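# An overview of the molecular structure
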Amino acid sequence: MTTTTSTTAAPTEAVATASTVATASTADAPALIRFRPTGLDTAPEVNALLERLGLGPFAPDGLTAFGGRNDNWAGTTTRGRQVFVKTVARAPDGSRPEIDRALAFEASAARLPAGSPLRTPEHLGTDRESAVSAFRLLPGSRSGSEVALDGDFDEALCREAGRAVATLHTLGTADGASDGASGGEAPDPASAPAIDTGEAPLPPMRWLRAFPWSEVQDRSMAQIAAWKLVQDDTEVVAALHRLRERERTAPHTPAHCDLRFDQFLVHDGQLFLCDWEEFRLADPARDVGAFVGEWLFQATYSVFAPTGEPTSAKDAVAPGFDLSHEEIVERGAAGLRHHIPRIAAFWQGYTECRTPDPELAERAVGFAGWHLYDRLIATAQAHAVLNPVARAAAGIGRTLLLNPAGAVATLRLADPAVPHPAVTPAVVAPTAVVPAAVVPTAVLPTAVAHPAQPYLADAPSGSPR
């Protein structure tokens, strides 16, 4: 067993849990959605790590968890420390690549100066053998997803997000490093894992050709239908291969590689970026495109979001199925007008802290297109069929992938000195993959994925993540 400790501001993860049973929150509880955590009697390594770190074990009263794919616990220890602990799964071969990537980020981020735009909750220690890490809990913090849904992820926060991501992309360079005066003792770089240089797993290129039969039982019907939209569209498959080729020849930097709104926390008016299990050297356009894609996905949902409490059985149907053509046009235009300035604010913050390579914006649009497919596949897990929201996301993602250069200016990723075009709504026919969807002209869906079944093939099991 190896335990690493640090007093520098380093990574954590905003969300992670193994339970789906919600608990009631109290007045002073974190604003994040809370869940009943896995019993600590089944995870003795958690309290063992906390005791080795001198924090004392978790007090049972008030122990909770946050939503996500990994087990986690949040609460106060017997010595009065507010702590968040998470565990990650080991690889089938027994290795711990996610922990190693997170620890590599720790070592890189230890050189950030005080007051850096890139903030992460304090890492307290990691037991690599048990794949368990402890971090300082940020009580009262809000997930970036919650902040976005509430309409509070405003342009100022987006600009801060851009500055944080740009700072991440300069780690290890003269702009992103300091002389070590970060306010605490830095981890020993000699004992930290090397930064992962392997290719990011998404999109899973082998799944574009054939969906592994071993994975079918873990996918909902809606997820399989979502993969159908990708696999049977030869133009999208070709565009994803082109994007991967451009990524391989692009300048690589330290990158998050799993950027979503729920990887951000807002605490005491400051923005924190979390969850470093996919940290690696990669194309920085991945992170930029993911942030853009998150806002486009939000804009898609704003088209079909309910406008109030249902007043009849007709009003209570699945979102989007009962909207008229005119309603979709009106809502789509409003959503785009609302969200695209936030993308522009993110890009402004990014370019304030880092000069992007000349093709980064175009590659980022391509990754934004993939992000829309990725989000619709993920959110389809609990559904039997794809609703219009998912199909709208697929249509916009398709357009971005097929013509990324055509959307750079519309999405406000061009040189700030270049005037941006007005966001003009445009409509596709109801027979398209997006039912009467509204998007800017340059983001207009142009074709329909073939309605065939997804290809299936026997392949080694395992998620591409």
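What comes next is a walk through the structure. Everything numeric in this text was worked out from a predicted model, so none of it was measured. (Residues numbered from 1 in each chain as written. Predicted model: local features only at pLDDT ≥ 70, side-chain atom pairs only at ≥ 80, totals over all residues. Heavy atoms only, no water.)

### Quick look at the sheet that holds strand 11 (residues 264-267)
Read from one edge to the other, the open sheet built from three strands follows the order 8-11-12, with strand pairing classed as antiparallel. With one partner strand each, in any of the chains shown, strand 8 (142-143) and strand 12 (270-273) form the two edges of the open sheet. With four bridges joining them, strand 11 and strand 12 adopt antiparallel strand pairing. Paired with valine 266 across the strands is leucine 271, a residue of strand 12. (Pairing = 2+ DSSP bridges. Helix = DSSP H or I, 4+ residues; strand = E, 2+ residues; numbered from the N terminus.)

### Remarks on the pairing of strand 6 (residues 123-127)
For a regular strand, the rule is simple: side chains alternate between the two faces of the sheet. Of all five residues in strand 6, five are buried; the element is thus mostly enclosed. Where strand 6 and strand 7 (residues 132-136) come together, four bridges link them in antiparallel fashion. Residue pairing across strands places histidine 123 opposite phenylalanine 135, the latter belonging to strand 7. (Buried < 20%, exposed > 50% of the residue type's maximum accessible area, 1.4 Å probe, protein only.)

### Examining empty space enclosed by the protein
It is the rolling of a water-molecule-sized probe over the atoms that shows where space remains empty. Tallied over the full model, the rule gives five cavities of 30 Å³ or more. Quantified by volume, the largest cavity comes out at close to 200 Å³. Lining the largest cavity are 16 residues, with Cys257, Asp258, Arg286, Trp370 and His371 sitting closest to its centre. Secondary structure elements with two or more residues in the lining of the largest cavity: helix 9 (285-304) and helix 11 (360-379). Among the elements that make up the lining of the largest cavity, the one with the highest residue count is helix 11 (four residues). (1 Å grid on protein atoms, 1.4 Å probe; cavity = no way out; pocket = protein on both sides within 12 Å on 5 of 7 lines; lining within 4 Å. Points joined across faces, edges and corners; volume = space filled by probe spheres on them.)

### Things to note about the environment of arginine 244
Position of arginine 244 relative to the elements: it lies in helix 8 (residues 234-249). A C-alpha to C-alpha distance of 9.6 Å links arginine 244 and phenylalanine 367, two positions 123 residues apart in sequence. Those residues within four positions of arginine 244 in sequence are excluded, and the remaining contacts are Glu199, Ala200, Pro201, Leu202, Pro203, Met205 and Arg286. (Contact = heavy atoms within 4.5 Å.)

### Side note on unusual backbone geometry
Working note: non-glycine residues mostly have negative phi, and peptide bonds are mostly trans. With omega at -5 degrees, the peptide bond leading from leucine 202 into proline 203 counts as cis. Within the fold, proline 203 resides in the loop between helix 4 (155-169) and helix 5 (205-209). For cysteine 257, which is not glycine, the phi dihedral falls at a positive 70 degrees. Here cysteine 257 lies in the loop between strand 10 (253-255) and strand 11. The backbone of aspartate 268 shows a phi angle near 50 degrees, a positive value even though the residue is not glycine. One can find aspartate 268 in the loop between strand 11 and strand 12.

### Thoughts on the environment of proline 254
By the secondary structure assignment, proline 254 is in strand 10. Looking at proline 254, the relative accessible area reads 8%, which means it is buried. As for proline 254 and threonine 167, which are separated by 87 residues in sequence, their C-alpha atoms are 9.7 Å apart.

### Notes on the side chain of arginine 280
Within the element layout of this structure, arginine 280 appears in strand 13 (residues 280-282). Look at arginine 280 and you get buried, because its relative accessible area is 3%. Among the polar contacts listed, one links the side chain of arginine 280 to the side chain of glutamate 278, at a separation of 2.6 Å. Every residue in contact with arginine 280, bar those within four places of it in the chain, is listed here: Arg101, Ile195, Asp196, Gly198, Glu199, Ala200, Pro201, Thr253, Pro254, Ala255 and Cys257. (Polar contact = N/O pair within 3.5 Å; in protein donor to acceptor, adjacent residues only side chain to side chain.)

### Focus: helix 8
Quick reminder: α-helices carry 3.6 residues per turn. Residues three or four places apart thus point the same way. With 16 residues, helix 8 extends 23 Å from end C-alpha to end C-alpha; this agrees with the ideal 22 Å at 1.5 Å per step. Those residues of helix 8 not exposed but buried are Val236, Val237, Ala239, Leu240, Leu243, Arg244 and Glu247. Buried residues in helix 8, looked at end-on, bunch into an arc of 160 degrees, giving them a common side. Among the exposed residues of helix 8, those oriented more than 90 degrees off its buried face are Thr234 and Thr249. (Expected span 1.5 Å × (residues − 1). Arc of directions from axis to C-beta.)

### Thoughts on the nonpolar core
Core analysis: the biggest nonpolar cluster contains 82 residues, and Phe153, Phe291, Leu376, Leu386, Leu400, Leu411 and Leu413 have the highest contact counts within it. Not counting residues within four places of it along the chain, the set of residues in contact with phenylalanine 153 comprises Gly144, Val147, Ala148, Cys158, Phe261, Leu271, Phe291, Trp295 and Arg342. Counting 15 residues, the second largest nonpolar core, distinct from the first, contains Trp73, Val83, Val85 and Val132. (Core = buried A, V, L, I, M, F, W, Y, C linked by side-chain atoms within 4.5 Å.)

### Remarks on the packing of aromatic side chains
Scanning the model with the defined rule gives 16 aromatic pairs in all. Taking 5.6 Å as the distance between ring centres and 5 degrees as the angle between the ring planes, the aromatic pair formed by tryptophan 347 and tyrosine 350 counts as stacked. With a gap of three residues between them, tryptophan 347 and tyrosine 350 both fall in helix 10 (residues 325-353), about one helical turn apart. Here tryptophan 347 falls in the buried class, since its relative accessible area comes to 5%. Every member of this aromatic cluster is reached through a ring pair, and the members are Phe153, Phe261, Phe264, Phe291, Trp295, Phe346, Trp347 and Tyr350. (Phe/Tyr/Trp six-rings, centres within 6.5 Å; stacked < 30°, edge-to-face > 60°.)

### A look at the pattern of salt bridges
Using the criterion set out here, one finds 30 salt bridges in the structure. With a shortest N-O distance of 3.8 Å, glutamate 160 and arginine 159 are connected by a salt bridge. Residue arginine 159 is classed as partly exposed on the basis of its relative accessible area of 29%. Across the salt bridge formed by aspartate 262 and arginine 260, the nearest N and O atoms sit 3.1 Å from each other. Aspartate 262 sits in the buried class, given a relative accessible area of 18%. Linked through salt bridges whose partners overlap, the residues forming this network are Glu199, Arg244, Glu245, Glu247, Arg248 and Arg286. (Salt bridge = Lys/Arg side-chain N within 4 Å of Asp/Glu carboxyl O.)

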